[in-house]
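Here's the letter readout for the chains.
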Amino acid sequence: PWKLLFALTPPCYLAGGWLTFVVALLFIALLTALVGELAEFFGCVIGLHNSITAITFVALGTSLPDTFASMTACRDSPYADD
């Protein structure tokens, strides 16, 4: 599915890159809506309130990318803690 999204993204030379930017924003909005719906469904299935589910997924969504970036920096650089 990711390759399909990339294939639908217009090249940067069209409209000075603005068309690519707008399409990328639309894809981000669609994926955000999809993740939100899936999180709401998951919370309903396991019996959590929407507020608890939202806080949990927002925390995961903001913490996990930082965790992976830190892990990559530690693995790739001997002085990553400087």
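Just above sits the structure.
Residues numbered from 1 in each chain as written. Predicted model: local features only at pLDDT ≥ 70, side-chain atom pairs only at ≥ 80, totals over all residues. Heavy atoms only, no water.

K.L.:
Explain the overall build of the protein here, please?
P.N.:
Of the regular secondary structure elements, the protein holds 3 helices and 0 strands. A globule of 82 residues ought to have a C-alpha radius of gyration of about 12 Å, yet the protein, at 18 Å, is considerably larger. On the principal axes, the C-alpha backbone points of the protein span a range of 50 × 40 × 20 Å. For the protein, the residues scored as buried account for 9% of the 82 residues in total. On the protein, roughly 6,900 Å² of surface is accessible, and the fraction owed to carbon and sulfur atoms is 75%. (Helix = DSSP H or I, 4+ residues; strand = E, 2+ residues; numbered from the N terminus. Rg over C-alpha atoms; globule rule 2.2 N^0.38 Å. Buried < 20%, exposed > 50% of the residue type's maximum accessible area, 1.4 Å probe, protein only. Areas by Shrake-Rupley, 256 points an atom, 1.4 Å probe, with all protein chains shown as cover.)

K.L.:
Just checking my understanding: could you explain the layout of surface pockets for this structure?
P.N.:
In this structure, the largest pocket encloses a volume near 230 Å³. Along its surface, the largest pocket is lined by Leu31, Thr32, Val35, Gly36, Ala39, Glu40, Asn50, Thr53, Ala54, Phe57 and Val58. Mapped onto the lining of the largest pocket, the elements with two or more residues apiece are helix H2 (18–46) and helix H3 (50–76). Among the elements that line the lining of the largest pocket, the one with the most residues is H2, at 6 residues. In terms of residue class, the lining of the largest pocket is made up of 6 nonpolar, 4 polar and 1 charged. (1 Å grid on protein atoms, 1.4 Å probe; cavity = no way out; pocket = protein on both sides within 12 Å on 5 of 7 lines; lining within 4 Å. Points joined across faces, edges and corners; volume = space filled by probe spheres on them. Nonpolar A, V, L, I, M, F, W, Y, C, P; charged D, E, K, R; others polar.)

K.L.:
Mind showing me how you'd approach the packing of H2 against H3 here?
P.N.:
When two helices pack together, their arrangement is captured by the angle between the axes and the distance separating the axes. In the contact formed by H2 and H3, the axes pass within 9 Å of each other and the chain directions differ by 130°. Considering the angle they form, H2 stands oblique to H3. Note on packing geometry: the crossing formed by H2 with H3 is right-handed. Mapping the contact onto sequence places Ala39, Glu40, Phe42 and Gly43 in H2 and Asn50, Thr53 and Phe57 in H3. Tallied by class, the residues present in the contact of H2 with H3 amount to 3 nonpolar, 3 polar and 1 charged. (Axes fitted to C-alpha atoms, helices over the stretch in contact; angles between N-to-C directions. Parallel < 35°, antiparallel > 145°, perpendicular 65-115°, else oblique. Left-handed = near helix turned anticlockwise from the far one by under 90°. Contact = heavy atoms within 4.5 Å.)

K.L.:
Would you explain unusual backbone geometry in this entry?
P.N.:
Apart from glycine, the bulk of residues carry a negative phi angle, and the bulk of peptide bonds sit in the trans form. The backbone of Ala15 shows a phi angle near 55°, a positive value even though the residue is not glycine. Mapped onto the elements, Ala15 comes out in the loop between helix H1 (2–8) and H2.

K.L.:
How should I be thinking about the side chain of Thr53 in this particular structure?
P.N.:
Mapped onto the elements of the fold, Thr53 is located in helix H3. Ignoring any residue separated from it by four or fewer positions in sequence, one finds Thr53 in contact with Ala39, Gly43 and Leu48.

K.L.:
Got a minute to help me understand H2 in this structure?
P.N.:
Because each turn of an α-helix spans 3.6 residues, side chains separated by three or four positions end up pointing in the same direction. End to end, H2 covers 42 Å across 29 residues, agreeing with the expected 42 Å (1.5 Å per residue, within 8%). Looking only at H2, the buried set comprises Thr20, Val23, Phe27, Ala39 and Gly43. On its buried face, H2 sits against H1 and H3. Count one or two residues on from H2 and you reach Gly47, which has phi positive near 85°. (Expected span 1.5 Å × (residues − 1).)

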